[in-house]
Amino acid sequence: MVKRKTRQIFTVGLTMIIIAVVIAALVSLARIVLFTSSTTTTNDTSVTSLLSTTADRVVRMTVRGPIVADEDYRSYQIIVTPNTRTMTTYKGYLNQAIDNKVLANNIPAYEQFVYALNNANYMKGNELTGDNNDTRGLCATGSLYQFEILQSDKTIKKLWTTSCSSTRGSLNATLSAITKLFSAQIPNSKALIDALW
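Let me sum up the structure you'll find in this document.

Basis of the calculations
- Residues numbered from 1 in each chain as written.
- Predicted model: local features only at pLDDT ≥ 70, side-chain atom pairs only at ≥ 80, totals over all residues.
- Heavy atoms only, no water.
- Core = buried A, V, L, I, M, F, W, Y, C linked by side-chain atoms within 4.5 Å.
- Buried < 20%, exposed > 50% of the residue type's maximum accessible area, 1.4 Å probe, protein only.
- Helix = DSSP H or I, 4+ residues; strand = E, 2+ residues; numbered from the N terminus.
- Axes fitted to C-alpha atoms, helices over the stretch in contact; angles between N-to-C directions.
- Parallel < 35°, antiparallel > 145°, perpendicular 65-115°, else oblique.
- Contact = heavy atoms within 4.5 Å.
- Nonpolar A, V, L, I, M, F, W, Y, C, P; charged D, E, K, R; others polar.
- Patch = residues over 30% accessible without salt bridge, like charges linked within 9 Å, V, L, I, M, F, W, Y side chains within 5 Å.
- Areas by Shrake-Rupley, 256 points an atom, 1.4 Å probe, with all protein chains shown as cover.
- Salt bridge = Lys/Arg side-chain N within 4 Å of Asp/Glu carboxyl O.
- Phe/Tyr/Trp six-rings, centres within 6.5 Å; stacked < 30°, edge-to-face > 60°.

**Here's the deal with the nonpolar core**
Generally speaking, a soluble globular protein has its nonpolar side chains buried in company with each other. Val-59, Tyr-122, Phe-147 and Phe-182 are the most contacted members of the largest nonpolar core, which totals 27 residues. Residue assignment for this core shows that the elements contributing at least two residues are helix H1 (2-51), strand S1 (57-64), strand S2 (74-80), helix H2 (107-119), strand S5 (144-151), helix H3 (175-184) and helix H4 (189-194). When residues in this core are grouped by element, the largest group, four residues, is from H2.

In C-alpha cells:
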C-alpha cells in the first residue's frame with residue numbers, strides 16, 4: 001500500500017514537472033518567433049524604403065569633423081535623390097555653406113546606388129533612443145557619420161557611427177564602404193573634403 005502511494009506521488013510529481021517544462025519551452029518558442037518576426041518586419045521596411053525609387057525618396061550622409069572653435073569647425077553633407085546629387089561643405093556650428101555642388105541624377109543611376117548601399121548593409125543596425133542616441137560631444141577629436149533614409153523630408157531611419165573606436169553608435173556596417181559609395185556619387189568630392197581640413 002505504501003509502495004503504491006509512493007509510486008502514485010512519484011508519477012504525479014514527474015507528470016507535473018514534464019508539463020512545466022513543456023509550457024516553459026512553448027513560451028520561449030513563442031517569444032523567439034514573435035521577436036524574430038517583428039525584427040524581420042522592421043528590417044524589411046527599412047530595406048523597402050531604401051530600395052524605393054519614387055521621386056520623394058532621399059538618402060543622406062552627414063559628416064561632422066572634430067569639435068573645435070566655431071571658426072575652425074567643418075562638416076559636409078551628400079544628398080542623393082532619384083533626380084539630383086548634392087554635396088555641400090560647411091563651416092561653423094551654424095552650418096554656413098562654403099561650397100555647394102548640385103548634379104543631375106536619374107532613376108536607373110539612383111537604383112544602382114541604393115542597391116549598392118543595401119549590399120553594403122547601409123541600414124543594418126537598430127536606431128538608438130533617448131540618451132543613447134544623443135550625438136552631442138561624441139568623438140570630439142574625430143568624425144561623426146550620420147546616415148538617413150528620407151521620404152518627403154521625413155526621416156524613415158537614421159543610423160550613426162564615429163571614427164573613434166570607443167563610440168560605435170547604431171550603424172552595424174563597414175563605414176568605409178558606405179562613405180566611398182556616397183563620395184563616388186560626386187565627382188571630385190575628395191578635393192572638396194580635403195579642402196575642409
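**A look at the packing of H2 against H3**
Here H2 crosses H3 at 170 degrees, and the two axes come no closer than 10 Å. Taken together, the axes of H2 and H3 are roughly antiparallel relative to one another. Contact residues: Phe-113, Ala-116 and Leu-117 in H2; Ile-178, Leu-181 and Phe-182 in H3. In terms of residue class, the contact of H2 with H3 is made up of six nonpolar, no polar and no charged.

**Here's the deal with a nonpolar patch on the surface**
A contiguous nonpolar surface patch, about 600 Å² in accessible area, is contributed by Phe-10, Leu-14, Ile-18, Val-22, Leu-26 and Leu-29. Inspection of the secondary structure puts Ile-18 in helix H1. For Ile-18, a relative accessible area of 46% puts it in the partly exposed group.

**Re the packing of aromatic side chains**
This model, assessed by the stated rule, comprises five aromatic pairs. Look at Tyr-122 and Phe-182: their rings are 5.8 Å apart centre to centre, the planes differ by 45 degrees, and that puts the pair in the tilted class. One end of the pair, Tyr-122, is in the loop between H2 and S5; the other, Phe-182, is in helix H3, and 60 residues separate them in sequence. Overall, Tyr-122 belongs to the buried group, its relative accessible area being 0%. Phe-182 gets classed as buried once you look at its relative accessible area, which sits at 0%. Here the aromatic cluster, defined as three or more aromatic residues joined through ring pairs, consists of Phe-113, Tyr-122, Phe-147 and Phe-182.

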